[in-house]
Structure formats: C-alpha cells, structure tokens
Amino acid sequence: MTTSEAGTSRPGVTVGPTSEFSLFFRVKAGESESLRAALTDLQRTPGYRPGDYGMAVSTIHEARFVLFDDDKQLAFITSFDGPWDAYMEDFFTSGPTLALFDMIFRHSEGYDGLPDLAALKAFILGAQQRAAAYARNYGGTVKEIRKAQRVNAAFERVLDHPDAAEALRHPALQPLLDEAAG
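Model, not experiment: these values are computed from the prediction.

Q: Tell me about the packing of aromatic side chains, residues and numbers included.
A: Evaluated as defined, the whole model comprises 16 aromatic pairs. With a centroid separation of 5.4 Å and an interplanar angle of 40°, the aromatic rings of F65 and F101 are classed as tilted. Here F101 lies in helix α3 (residues 96–105) and F65 lies in strand β4 (residues 60–68), a separation of 36 residues in the sequence. With centroids separated by 5.7 Å and ring planes inclined at 70°, the aromatic side chains of F76 and F101 adopt a geometry described as edge-to-face. Of this pair, F76 sits in strand β5 (residues 73–81) while F101 sits in helix α3, placing them 25 residues apart in sequence. Taken together, F25, Y48, F65, F76, F91, F101, F105, Y111 and F123 form an aromatic cluster joined through their ring pairs.

As structure tokens, then:
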C-alpha cells in the first residue's frame, strides 16, 4: 500500500491507482429529515439505484452516505481511480451529479453552494479525514474491471456457441478454459 505525501493534491490513502476518500459533515440543526429525503432521491436516481452501474463520475468504485450520531453527522465515503484533482474536475463538471450532491450538502454546516471548482475543493477538503487504514480485495481500475467483465461475457458467449467445440480444442486456449472451469 502506498500513501500520498502530505501537501500533495491527492488526499487519502492509496492502493495502486485507487484512493480512499472519507468526508465527515455536521448536519444543520433541524434538517436531518430533509437530508434523509435528499439521500432517498439520490438513491432513486439512475446510476445510483442499487444494481445500476452508471454513475456520472466513472472513476468511482463505490460511494456511500451514512448518517450517524443521532443524525447530527453525515459521512460520505468512497474510493476512486486516478488523481484527486481529476476526480474533483469530473465531479464538478458532471452536471447531474453536482446538482444531486448540492441537494445533499446544502444540509451541511459550512456549505454555501458550489460556485466554482475552488469552492468545491475547499468545502470537500474541510470535511476530509484520511483513513487510518485502507485495503482492497481486488486490483484494477473501474475501467479495467468493466473491460474484464465484457471480455468474460464475450468468452461465455463463445463457450456457449454450438460451433465452438472444435476451435476450443486448440492448446493455446487451454489457459482460458482452465480459468473458465475454476
């Protein structure tokens, strides 16, 4: 595991090309119900619904919001690929994502909107806490994982094709067949 040096533009602990990112916000008094409604709206949005895999910021592995401390605090915890500055740029220019998160963050103390990228970075960095530890159970970027899934699906179609038996007898394909059987 490698970590970013303090003062670089990549906060959080990194493993390979992926960084963890943990943000903690104080919820404005009396706004926890409105915040829960905004989180429910986010969860119902295409790309963010359970089983959807099309988040607008395509370098995100996963993202979660957690209300805690009797709904007085909100955690946003995610991991993403690539440089932090590029992640922030994608986030800021992703239109729908920015609007959805605006609906959530407006319930947080210290939030004054996101008029520009500098304001977004300042707000985010003010809430960021570096993880004490971070590990991953798989390698690869989101892009690499999605490609591997497409290649696997294509290979499964080849295996299912009625004319594939003869071609699959070639010794060069044995490692693929061994992996498919495992």
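Q: Let's hear about the side chain of S32: which residues, and what values?
A: Considering the arrangement of structural elements, one finds S32 in helix α1 (residues 32–43). For S32, a relative accessible area of 19% translates into the label buried. S32 has contacts with V27 and D71, leaving out every residue within four places of it along the chain.

Q: Describe the nonpolar core, and please don't skip the residues or the numbers.
A: It is characteristic of soluble globular proteins that their nonpolar side chains tend to be buried jointly. Y87, F105 and I124 are the most contacted members of the largest nonpolar core, which totals 30 residues. Within the residue set of this core, elements represented by two or more residues are β3 (18–26), α1, β4, β5, α2 (84–93), α3 and α4 (117–127). Of the residues forming this core, the biggest block, 5 residues, is contributed by α3. Residues contacting F105, with those up to four places away along its chain left out, are F25, F65, F91, Y111, F123 and I124.

Rules used throughout
Residues numbered from 1 in each chain as written. Predicted model: local features only at pLDDT ≥ 70, side-chain atom pairs only at ≥ 80, totals over all residues. Heavy atoms only, no water. Phe/Tyr/Trp six-rings, centres within 6.5 Å; stacked < 30°, edge-to-face > 60°. Helix = DSSP H or I, 4+ residues; strand = E, 2+ residues; numbered from the N terminus. Buried < 20%, exposed > 50% of the residue type's maximum accessible area, 1.4 Å probe, protein only. Contact = heavy atoms within 4.5 Å. Core = buried A, V, L, I, M, F, W, Y, C linked by side-chain atoms within 4.5 Å.

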